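Here is how the chains run, residue by residue.
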Amino acid sequence: MFSHLDPVFLARAQFAFTVAYHITFPAFTIGLASWLAVVEWRWLKTGNPLYEQIYRMWVKIFAVTFGMGVVTGVVLSYQFGTNWSVFSDKVGSVLGPLLGYEVLTAFFLEASFLGIMLFGWNRVSRKMHFAATVIVAVGTLISAFWILSANSWMQTPAGFREGADGLLYPTNWIQVIFNPSFPYRFIHMVTGAYLTTAFVVGGIGGYYLWRGLHVKHARIMLGMAMIMAIFVAPMQLLFGDLHGLNTFTHQPVKVAAMEGIWETERGAALRLFAWPDQIQERNRFEISIPKLSSFILTHDFNGEVKGLKSWPRGDRPPVGVVFWTFRLMVGLGMLMIATGLIALVLHFKKQLFSTRWFHLWCVAMTPAGFVAVVAGWFVTEVGRQPFIVFNVLRTAETISPVSAGPIAISLTAFVITYGLVFTAGAYYILKLIGKGPESNEEDAYGSHGVKQPPLVTDLAAGTGGKDV
């Protein structure tokens, strides 16, 4: 029944599906944990119960997404043994310790103090509870550090040797961990996670304002989210540019696919739109801006950019996927920057919290971060093909000796199971959002009735706009 299917393609499809599903949860929890730490800090500093109520609402959402992230992440490690046992054997001495450090230094830390975050109210002091939140936030960043280090090593391997047995062994752990692409990839991913959280929080705040619900809480949510959009979204553009320059140096074939450039060119144009034809090695329906690609990649309008034809057909990634997912990621990033700029204008006009069309726009932008992160991972992983460790190990050479049938069956099971898990998790999260912050709930630490000091900024607190 499955004899005509390619087991390598199915194994790649299975891992692509599970990792794309999984990455949405860490991308959210990394940013959400840090935001919760800021919210609790504001509560402790000001005594304003609105911050405590916002925290209580969002920490429940954090718990659900954290749990779903753990469950979907465990599946990935099993696939290393079931579908990619040859890969695990060859690179286990290098990647095994990195993944082990992630569990020992990050996951145990997060899991231990998450209990205090959720159940520590009235059981520990305010400062201890805040410390637990900060520790969990730090744990998510440590987790990202090790995972991004391992993935970056697969993109730009360094500090290793190949033994006589064909296995890869580390020779310099500093070079392995801090490989050439790691710093750029780490900061780009973490910033993307912060923006993902910001636009979810901003979208929910915008929804509440549009519906006239939980207005005081919504102003804080939208205001804090727009601070991130105003300042961090443009920074992400800079980080992305630095990451692209690093990729241009170490993985030029990936950049050629991202740009849809087939012939080596001086003064290469930036293809805004094209339909890459990998068989005929050309683009169809091309719309481009002359010399702009060379300027971006080399900072010289006449700089040379190698085309895809500089590499054998068998060493090129699937161009269409890389080309379009890159544009999707960049396009969403530009929309995030535009959202921040609009918010800044509305803030100065004292209309940020009363402009209903902007609130709807924020609702529409809620999933933008998730889509951009997944698109970016497709660019990264598909753009590395046909290598699983760039220029060292080919993907087709590292698959387990399994037939297509079991992989197809397990892939189908994953799709069904993940669909059910996602539906259940999304339903519960939407119920929490629908319920909103419990503004009439007695403060666990008795802060109700305390005269509140002014908030730090009008934008963050929502006191500078007109009444909704």
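Below you will find a few notes about this structure. (Residues numbered from 1 in each chain as written. Predicted model: local features only at pLDDT ≥ 70, side-chain atom pairs only at ≥ 80, totals over all residues. Heavy atoms only, no water.)

Okay, a nonpolar patch on the surface next. Residues Leu272, Phe273, Trp275, Phe285, Ile287, Ile289 and Trp324 make up a contiguous nonpolar surface patch of roughly 710 Å² in combined accessible area. Those elements that provide at least two residues to the nonpolar patch are strand 4 (270-277) and strand 5 (282-289). If you trace the backbone, Phe285 turns up in strand 5. (Patch = residues over 30% accessible without salt bridge, like charges linked within 9 Å, V, L, I, M, F, W, Y side chains within 5 Å. Areas by Shrake-Rupley, 256 points an atom, 1.4 Å probe, with all protein chains shown as cover. Salt bridge = Lys/Arg side-chain N within 4 Å of Asp/Glu carboxyl O. Helix = DSSP H or I, 4+ residues; strand = E, 2+ residues; numbered from the N terminus.)

Our next topic: the nonpolar core. The biggest cluster of nonpolar side chains holds 62 residues, and the ones touching the most others in it are Trp35, Leu36, Trp58, Phe62, Met117 and Met226. Per element, the largest residue contribution to this core is 13 residues, and it comes from helix 2 (residues 49-82). In this structure Trp58 touches Phe28, Leu32, Trp35, Leu36, Val200, Val201, Ile204 and Met221, once residues within four positions along its chain are discounted. (Core = buried A, V, L, I, M, F, W, Y, C linked by side-chain atoms within 4.5 Å. Buried < 20%, exposed > 50% of the residue type's maximum accessible area, 1.4 Å probe, protein only. Contact = heavy atoms within 4.5 Å.)

What follows concerns the pairing of strand 5. As defined by bridge partners, strand 4 adjoins strand 5 across six bridges and the pair is classed as antiparallel. From the neighbouring strand, Arg271 faces strand 5, where its bridge partner is Ser288. Between strand 4 and strand 5, which pair antiparallel and follow one another directly, the connecting turn spans four residues, one of which, Glu281, has a positive phi of 55°. (Pairing = 2+ DSSP bridges.)

Turning next to the layout of surface pockets. Estimates place the volume of the largest pocket at around 1500 Å³. Around the largest pocket, the lining is made up of 49 residues, and of these Phe15, Val19, His22, Leu76 and Ile147 lie nearest the centre. The set of elements that each furnish at least two residues to the lining of the largest pocket consists of helix 1 (7-46), helix 2, helix 3 (85-119), helix 4 (126-155) and helix 12 (368-382). With 13 residues, the top contributor of residues to the lining of the largest pocket is helix 1. Residue composition of the lining of the largest pocket, grouped by class: 33 nonpolar, 11 polar and five charged. Here the second largest pocket is characterised by a volume of approximately 1000 Å³. Lining the second largest pocket are 44 residues, and of these His188, Gly240, Phe326, Met329 and Val330 sit closest to its centre. Looking at the lining of the second largest pocket, the elements with two or more residues in it are helix 4, helix 6 (182-211), helix 7 (215-250), helix 8 (252-259), strand 4, helix 9 (292-298), helix 10 (319-348) and helix 12. Per element, the largest residue contribution to the lining of the second largest pocket is 10 residues, and it comes from helix 7. Residues of the lining of the second largest pocket, tallied by class, amount to 24 nonpolar, 14 polar and six charged. (1 Å grid on protein atoms, 1.4 Å probe; cavity = no way out; pocket = protein on both sides within 12 Å on 5 of 7 lines; lining within 4 Å. Points joined across faces, edges and corners; volume = space filled by probe spheres on them. Nonpolar A, V, L, I, M, F, W, Y, C, P; charged D, E, K, R; others polar.)

A rise of 1.5 Å per residue sets the reference length of helix 2, with its 34 residues, at 50 Å; its end C-alpha atoms lie 50 Å apart and thus fit the reference within 8%. N-capping of helix 2 is provided by Asn48, with a side-chain oxygen placed 3.0 Å from the backbone N of Leu50. (Expected span 1.5 Å × (residues − 1). Polar contact = N/O pair within 3.5 Å; in protein donor to acceptor, adjacent residues only side chain to side chain.)

All right, on to unusual backbone geometry then. A cis geometry characterises the amide bond from Gln385 onward to Pro386, with omega recorded as 10°. Mapping Pro386 onto the fold places it in the loop between helix 12 and strand 7 (387-389).

Turning our attention to the side chain of Thr366. Within the secondary structure, Thr366 is located in the loop between helix 11 (356-364) and helix 12. If sequence neighbours within four positions are ignored, Thr366 has contacts with Phe199, Val200 and Gly203.

Moving on: empty space enclosed by the protein. As enumerated under the stated definition, the model contains one cavity of 30 Å³ or more in all. For the lining of the largest cavity, the leading source of residues is helix 7, giving four residues. Of the residues that constitute the lining of the largest cavity, the class distribution is seven nonpolar, one polar and no charged.

Let us look at the packing of aromatic side chains. Under the definition given, this model contains 28 aromatic pairs. Consider the rings of Phe15 and Phe80, whose centres lie 5.7 Å apart with planes at 45°: the pair is tilted. With Phe15 in helix 1 and Phe80 in helix 2, the pair connects residues that are 65 residues apart, well separated along the chain. Assessed through its relative accessible area of 22%, Phe15 is described here as partly exposed. What makes Phe80 partly exposed here is its relative accessible area of 25%. With a centroid separation of 5.5 Å and an interplanar angle of 85°, the aromatic rings of Phe323 and Trp324 are classed as edge-to-face. Take Phe323: its relative accessible area is 0%, and that puts it in the buried class. (Phe/Tyr/Trp six-rings, centres within 6.5 Å; stacked < 30°, edge-to-face > 60°.)

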